[in-house]
Amino acid sequence: MDLLSSAPQHLLVLAACSFLAGLVRGFSGFGLSAVLVASASFVISPRLIIPTAQTMEVIASIALIPTVWRDVDWRWLAPMAAAYLLSIPLGVAALAYLPEASIRAGGCALLLIACLCLLANRRPNLPDGFKLRFGTGFVAGFFAGASSLGGMVASVMLFAVSLPARNLRATLIVLFFGSALYSLSWGSWHGIVTAETFTRAAWLALPLLAGIAVGSRGFHQVSEAGFRRAVLAVLAALALAGLVSVLWSA
């Protein structure tokens, strides 16, 4: 779908989706791609909106990184980033050649179950170490390349090990900057990313940045416990919305 030739109502829907995605990203540090893909898939193909969302992840990270850099947890970021390097190409290849709906449906179902367990205070007893951090990055990187769910996968695991809110948010913001650039480079190789991808992202950047500004203000006004409850609820809602969007387009 060419954005410039789209129906006006579709442009308004995409702008609203972009604002909502920015709102969630500004507050939680993640969720931009998941919100945008789940909501915009009703008017545009996921194969088109996923690379657009990755481009917008770069825009969002540039806006947020200066405010969170000092809070990044490098013990988590370094092994996760290394794993992303290995698994994102696999995810992008899956998006290019496998049924995207099946990947998204499976990922959303698992995420919904995990979020509901965490909301019920049923946390797995996971030993925090290199294997857990690298494994989290590997799984999240695959879903980041294949279905825009990478941020949700990573955030659920970081919640499971009780990383402090400001460190969790900062670590994810920096991680997604690098992973989005990396995904876009592999998407270009497979022909998924085109000039239209960047045109679409440029048109949607203004509502995105407006949403980020509102969401960031909300983060600084909420308690640690309130942040965790709110974000887990958002994650569960996003997973459910992802399932609905897959079923809707089936």
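Being a predicted model, the structure only gives us computed values, none of them experimental.

What follows is about the packing of helix 5 (residues 100-119) against helix 7 (residues 150-160). Between helix 5 and helix 7, the shortest axis-to-axis distance is 11 Å and the interhelical angle comes to 25 degrees. If you check the angle between helix 5 and helix 7, you find them roughly parallel. By crossing handedness, the relation of helix 5 to helix 7 is classed as left-handed. Side by side, helix 5 and helix 7 meet where Leu111, Ala114, Cys115 and Leu118 of the first sit next to Met152, Val153, Val156, Phe159 and Ala160 of the second. In terms of residue class, the contact of helix 5 with helix 7 is built from nine nonpolar, no polar and no charged.

With that settled, the discussion passes to helix 5. The end-to-end C-alpha separation of helix 5 is 28 Å, in line with the 28 Å expected for 20 residues at 1.5 Å each. The secondary structure elements touched by the buried residues of helix 5 are helix 2 (32-40), helix 3 (46-68), helix 4 (74-97), helix 6 (130-147), helix 7 and helix 10 (224-249). Just beyond helix 5, the residue with positive phi is Asn121, at close to 60 degrees.

Right, let's get into the pattern of salt bridges. Where charged atoms from two side chains of opposite charge come close, those side chains can pair. Within the structure shown, the criterion is met by four salt bridges. Between Glu57 and Arg25 there is a salt bridge; the shortest N-O distance is 2.8 Å. A residue pair is termed long-range when its members are at least 10 positions apart, and Glu57 in helix 3 and Arg25 in helix 1 (residues 8-28) qualify at 32 residues. Glu57 sits in the buried class, given a relative accessible area of 8%. The partner of Arg166 in a salt bridge is Asp71, and the shortest N-O contact between them spans 3.5 Å. Taken as a pair, Arg166 in helix 8 (residues 165-189) and Asp71 in the loop between helix 3 and helix 4 lie far apart in primary sequence, 95 residues in all. Overall, the relative accessible area of 49% leaves Arg166 in the partly exposed class.

Between the C-alpha atoms of Glu57 and Ile173, which are 116 residues apart in sequence, the distance is 8.9 Å. Setting aside residues no more than four positions away along its own chain, Glu57 makes contact with Arg25, Leu32, Ser33, Phe176 and Ala180.

Basis of the calculations
- Residues numbered from 1 in each chain as written.
- Predicted model: local features only at pLDDT ≥ 70, side-chain atom pairs only at ≥ 80, totals over all residues.
- Heavy atoms only, no water.
- Axes fitted to C-alpha atoms, helices over the stretch in contact; angles between N-to-C directions.
- Helix = DSSP H or I, 4+ residues; strand = E, 2+ residues; numbered from the N terminus.
- Parallel < 35°, antiparallel > 145°, perpendicular 65-115°, else oblique.
- Left-handed = near helix turned anticlockwise from the far one by under 90°.
- Contact = heavy atoms within 4.5 Å.
- Nonpolar A, V, L, I, M, F, W, Y, C, P; charged D, E, K, R; others polar.
- Expected span 1.5 Å × (residues − 1).
- Salt bridge = Lys/Arg side-chain N within 4 Å of Asp/Glu carboxyl O.
- Buried < 20%, exposed > 50% of the residue type's maximum accessible area, 1.4 Å probe, protein only.

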